[in-house]
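# Observations on chain architecture
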Amino acid sequence: MAGLSNLDLNLLVSLNALLEQRSVTRAAQQVGLSQPALSAALARLRRHFGDELLSRVGNEYRLTPLAMQLKPWARLALQNVDRVFSAQLEFDPAQSTREFSVGMSDYGCALLGNALSELLAEEAPLARLRIVHNTPYVVDHAEQTLLTTDLFVLPHGFISDLPHRDVLWDNWVLVVSADNDEVGTSLTVEQISAMPWVVTYHGPTASTPAARQMRMLGIEPRVQVVCDGFLTIPGLVAGTKRIALLQERLVGKLPPDVGIRALPCPFDVGPLVDAMWWHPLYDRDAEHTFFRELLARAAAQATGTEIPPNRG
């Protein structure tokens, strides 16, 4: 900590802008400094780290390996400095200019995105909502990612030992093309084992709970297409002989002419339960508590259910 006394914390602002923009000109515009002032800050940062940080390749700058390592740390450090100096005994949403962030799939966004953004606009009109797409990488590194992302909305089974609260309940259904005349009003396990599948998040550590349950029952789908999202599935099923699993609530939100129809699963598939997850560092944070309650209310409003109890 002694070394901090010799550092200008304004350099952290410059460092974060330079790593985000990879351009002295754009970084200067972001932080409201002149280009010579940002160039001087970059020179000081290079001396401090003993590294170029930004290296010119052709007509552009690229981050050095050290700079790539520093990028998430700089953003987190700047956010935490801002939290320290903007901390108040009580949180007033109406005056907050904070950016709240939540990671979720396109399914979660389709169900919750509008309700959450509307509630935030009503109660914290100066605040901003950032919705980021869940990826296998950020989920595999959830504890680290949740230091810079307020919440994840994810089913159980991907994250453990972190605070959470259940917010969404849904059922899985099979979807086939509306004009697939080889399929009647139901399907057998033998049929779904032989049909070509569209699956999501298909990998060693990436899968949906329903797909994992299928494999546990010895049902191995014949995968023909893999995609990292649920909203692309209808277009990959319509007009084909393919089959896929989708959430019942999502199917209900699709336009009637999307070209698919839903069928019950011929095997015992448990309900889908999505929870919001957060880092324990923010358990008692007033701003974070406000956002968690807001998301729980958005989920209840979007699904027409009661506000779920806090069992985190």
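What you see is a predicted model, and the numbers here were worked out from it, not measured in a lab.

Before going further, it helps to spend a moment on the overall build of the protein. Broken down by element type, the protein carries 12 helices and 12 strands. When each of the 312 residues of the protein is scored for burial, the buried share is 42%. Within the protein, residue pairs in contact and separated by at least 24 positions form 74% of the contacts whose partners lie at least 6 positions apart.

Here helix 9 (residues 209-216) has its buried residues at Ala210, Ala211 and Met214. Relative to the axis of helix 9, the buried residues are bounded by an arc of 100° and lie together on one face. Among the structural elements, strand 7 (172-177), strand 8 (196-200) and strand 10 (243-247) are those in contact with the buried residues of helix 9.

In this structure, Leu187, Ile233 and Leu295 are the most contacted members of the largest nonpolar core, which totals 58 residues. Once residues lying within four places of it in the same chain are set aside, the contact partners of Ile233 are Val175, Val198, Thr200, Cys227, Ala244, Leu245 and Leu246. One finds Leu19, Leu38, Ala67 and Ala74 within the second-largest nonpolar core, a separate group that totals 19 residues.

What follows deals with the pattern of salt bridges. Taken as a whole and assessed by the stated rule, the structure comprises 10 salt bridges. Here Glu52 makes a salt bridge to Arg46, at a shortest N to O gap of 3.7 Å. On the basis of relative accessible area, Glu52 is assigned to the partly exposed category, the value being 46%. Residue Arg98 pairs with Asp150 through a salt bridge whose shortest N-O separation is 2.9 Å. Taken together, the residues span a long stretch of sequence, with Arg98 in the loop between helix 4 (65-86) and strand 3 (99-104) and Asp150 in the loop between helix 7 (142-145) and strand 5 (151-155) at a distance of 52 residues. Each member of the pair Arg98 and Asp150 is classed as buried. A single salt-bridge network, built from bridges that share partners, covers Arg98, Asp150 and Glu287.

Inspection of the secondary structure assignment puts Gln213 in helix 9. In this structure the C-alpha to C-alpha distance between Gln213 and Pro256, which are 43 residues apart in sequence, comes to 29 Å. Look past the residues within four positions of Gln213 in its chain and what remains in contact with it is Asp268, Val269 and Gly270.

Bringing the sheet that holds strand 6 (residues 164-170) into the picture now. Within the open sheet, the 5 strands sit side by side as 4-3-5-12-6. Their pairing is mixed. The open sheet has two free edges, formed respectively by strand 4 (128-133) and strand 6, since each of these has just one partner strand. Averaged over all pairs of adjacent strands, the angle between strand axes in this sheet comes to 20°, irrespective of strand direction. In this structure, strand 3 lies alongside strand 4, joined through 6 bridges in parallel fashion. Residue pairing in the sheet places Met104 in a bridge with His133 of strand 4. Against the sheet, helix 5 (residues 106-123) touches strand 3, strand 4, strand 6 and strand 12 (272-277), its axis set at about 175° to strand 4.

Our next topic: the side chain of Thr145. One can find Thr145 in helix 7. A relative accessible area of 15% means that Thr145 is categorised as buried.

Analysis parameters
Residues numbered from 1 in each chain as written. Predicted model: local features only at pLDDT ≥ 70, side-chain atom pairs only at ≥ 80, totals over all residues. Heavy atoms only, no water. Helix = DSSP H or I, 4+ residues; strand = E, 2+ residues; numbered from the N terminus. Buried < 20%, exposed > 50% of the residue type's maximum accessible area, 1.4 Å probe, protein only. Contact = heavy atoms within 4.5 Å. Arc of directions from axis to C-beta. Core = buried A, V, L, I, M, F, W, Y, C linked by side-chain atoms within 4.5 Å. Salt bridge = Lys/Arg side-chain N within 4 Å of Asp/Glu carboxyl O. Pairing = 2+ DSSP bridges. Axes fitted to C-alpha atoms, helices over the stretch in contact; angles between N-to-C directions.

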